[in-house]
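Overview (structure and organization)
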Protein chains: 4
Amino acid sequence: MAKVLEKGQIEAALKDLPGWRHEEDALVKTFKLKGFSGAVAFIVRVGFECQKANHHPELSNIYNKVTLRFTTHSEGGVVTENDVAIARTIERIL
Amino acid sequence: MAKVLEKGQIEAALKDLPGWRHEEDALVKTFKLKGFSGAVAFIVRVGFECQKANHHPELSNIYNKVTLRFTTHSEGGVVTENDVAIARTIERIL
Amino acid sequence: MAKVLEKGQIEAALKDLPGWRHEEDALVKTFKLKGFSGAVAFIVRVGFECQKANHHPELSNIYNKVTLRFTTHSEGGVVTENDVAIARTIERIL
Amino acid sequence: MAKVLEKGQIEAALKDLPGWRHEEDALVKTFKLKGFSGAVAFIVRVGFECQKANHHPELSNIYNKVTLRFTTHSEGGVVTENDVAIARTIERIL
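Below is a short write-up of the structure. Here the structure is a predicted model, which means the values were calculated and not measured.

A look at the overall build of chain A
If you tally the helices and strands in chain A, you get 3 helices and 4 strands. Moving toward the C terminus, one meets the helices and strands of chain A in the order α-β-β-α-β-β-α. Overall, chain A is about 35 × 25 × 20 Å in size when its C-alpha atoms are taken along their principal axes. In chain A, which comprises 94 residues, the share counted as buried stands at 53%. Partitioning the contacts of chain A with sequence separation of at least 6, the portion at a separation of at least 24 is 60%. For chain A, the separation between the mean place of its 13 positive charges and that of its 12 negative charges on side chains is 9 Å.

Pasting the structure below:
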């Protein structure tokens, strides 16, 4: 079971996660890559980390933009420590 | 300039495009792949074709599902022969 | 520690692994995909499985061909049950 | 037809291509990425550029290393301006 985070905890975590926002019970960020191919390569790179963490995003892509949305479905669609952890991982690999 | 298609023409084209639907001025299909990794590999495979055609989708992914939405922005967001062409290409490569 | 396989055990395993060969202390197979983009998508797909298994190939690619070579470095570069396991996984996902 | 380059021309081009070497009638470079997933994402990123240029490498990968080897087969396996051009493109996208 992943620890569910309260609003204050989420806001504290977001201080170290530039560009991430708390939106409808999820952590969300839109990334701008170099062109469409940069976006696809980014999806692959992030995909490996998500598989490793066994925590998968709602992902959307238009041309050079990729939006990742993480929420914890197993806890009923709320933000947990798992969402913060994967956001941190993604920031680290960029 | 890509030829804009009328409703009847779109419906005729969809007969040979199983699973594709005409929705809000776009051609849309949701694909179910083998797991998350199958979905990511599919995004790569489709991505190559889209780059070749210079026609990019609005793409969304959750776990093993990938939804592709094609519309022709340069014609103001309507369905053109280019949307039909890329849908046919994607069906052929699967 | 992965169980090192003797020649007879490797040959027995290869009976269920069409196209795989035992070559210089490794299991090797060359795959023919649909074009270069099919090859790249295959590398991604296989890559996810290899990460999951924490067992990585020596991989080579020319256009639509991808050769995978698995050996177990931690045992001194010999064929172990881990090489057979990843070969089986790859056959299953194709 | 791609312009075949003489030894002096290749050496001149390599001055602006750090890490690339002239080896057995090809331009070759080994890239070190962040882990295996960084390597796979790099293969995807480079793959898009190679498709765009219609010039494909001999590629090999072990864990976080990717070696690209470009030669012009249509000219009999020699270095041409096309090999220099794709090497420059790859350096630019990194």
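Some remarks on the interface of chain D and chain B
Across the contact, 5 residues belong to chain D and 5 residues belong to chain B. Both faces considered, chain D and chain B share a buried interface measuring about 510 Å² in area, 65% of it formed by carbon and sulfur atoms. Looking only at chain D, the three residues that lose the most surface to chain B are Val-44, Phe-48 and Gln-51 of chain D, adding up to 84% of its buried area. Linking chain D with chain B are 0 salt bridges, by the criterion used here. There are 2 residue pairs in polar contact (both at pLDDT 80 or more) connecting chain D and chain B. Of the residues that constitute the side of chain D that touches chain B, the class distribution is 2 nonpolar, 2 polar and 1 charged.

Structural notes on the side chain of Thr-72 of chain C
All names here are of chain C. Here Thr-72 is to be found in the loop between β4 (65-70) and α3 (81-93). In terms of polar contacts, Thr-72 uses its side chain to reach the side chain of Thr-80, at 2.7 Å. Not counting residues up to four positions away in its chain, the partners in contact with Thr-72 are His-55, Gly-77, Val-78, Thr-80, Asn-82 and Asp-83.

Section: the relation of the copies chain A and chain B
With an RMSD of 0.0 Å, chain A superimposes on chain B once it is rotated by 180° and translated 0.0 Å along the axis. The operation mapping one copy onto its partner corresponds to a two-fold rotation axis. No C-alpha of chain A approaches the rotation axis more nearly than that of Ser-60 of chain A, which lies at 2.1 Å. With an isologous cut-off of 70% or more, the 100% of interface residues of chain A that recur at the interface of chain B puts this contact in the isologous class.

A closer look at the sheet that holds strand β4 (residues 65-70) of chain B
Judged by pairing direction, the sheet is antiparallel, and its 8 strands sit side by side in the order β1(A)-β2(A)-β4(A)-β3(A)-β3(B)-β4(B)-β2(B)-β1(B) without closing on themselves. Each edge of the sheet is formed by a strand with only one pairing partner; in this case those strands are β1 (21-22) of chain A together with β1 (21-22) of chain B. Relative to strand β2 (residues 27-32) of chain A, β1 of chain A is paired through 2 bridges, and the arrangement is antiparallel. Opposite Arg-21 of chain A, over in β2 of chain A, you have Val-28 of chain A as the bridge partner.

Considerations on the relation of the copies chain D and chain B
Mapping chain D onto chain B leaves a residual RMSD of 0.0 Å; the transformation is a rotation of 180° accompanied by 0.0 Å of translation along its axis. Mapped onto chain B, 100% of the interface residues of chain D again fall at the interface, so both copies present the same surface.

Examining the packing of helix α2 (residues 35-53) of chain A against helix α2 (residues 35-53) of chain C
Interhelical geometry of α2 of chain A versus α2 of chain C gives an angle of 30° and a closest axis separation of 10 Å. Taken together, the axis directions place α2 of chain A and α2 of chain C in an arrangement best described as roughly parallel. For the crossing formed where α2 of chain A meets α2 of chain C, the hand is right-handed. Here Val-44, Gly-47, Phe-48, Gln-51 and Lys-52 of chain A of α2 of chain A lie close against α2 of chain C, whose contacting residues are Val-44, Gly-47, Phe-48, Gln-51 and Lys-52 of chain C. Here the contact of α2 of chain A with α2 of chain C is built from residues that sort into 4 nonpolar, 4 polar and 2 charged.

Criteria and cut-off values
Residues numbered from 1 in each chain as written. Chains lettered and ligands numbered in written order. Predicted model: local features only at pLDDT ≥ 70, side-chain atom pairs only at ≥ 80, totals over all residues. Heavy atoms only, no water. Helix = DSSP H or I, 4+ residues; strand = E, 2+ residues; numbered from the N terminus. Buried < 20%, exposed > 50% of the residue type's maximum accessible area, 1.4 Å probe, protein only. Contact = heavy atoms within 4.5 Å. Lys, Arg positive; Asp, Glu negative; His and termini not counted. Charge placed at Lys NZ, Arg CZ, Asp CG, Glu CD. Buried area = accessible area lost by both parts, 1.4 Å probe. Salt bridge = Lys/Arg side-chain N within 4 Å of Asp/Glu carboxyl O. Polar contact = N/O pair within 3.5 Å; in protein donor to acceptor, adjacent residues only side chain to side chain. Nonpolar A, V, L, I, M, F, W, Y, C, P; charged D, E, K, R; others polar. Least-squares fit on C-alpha atoms with pLDDT ≥ 70 in both. Pairing = 2+ DSSP bridges. Axes fitted to C-alpha atoms, helices over the stretch in contact; angles between N-to-C directions. Parallel < 35°, antiparallel > 145°, perpendicular 65-115°, else oblique. Left-handed = near helix turned anticlockwise from the far one by under 90°.

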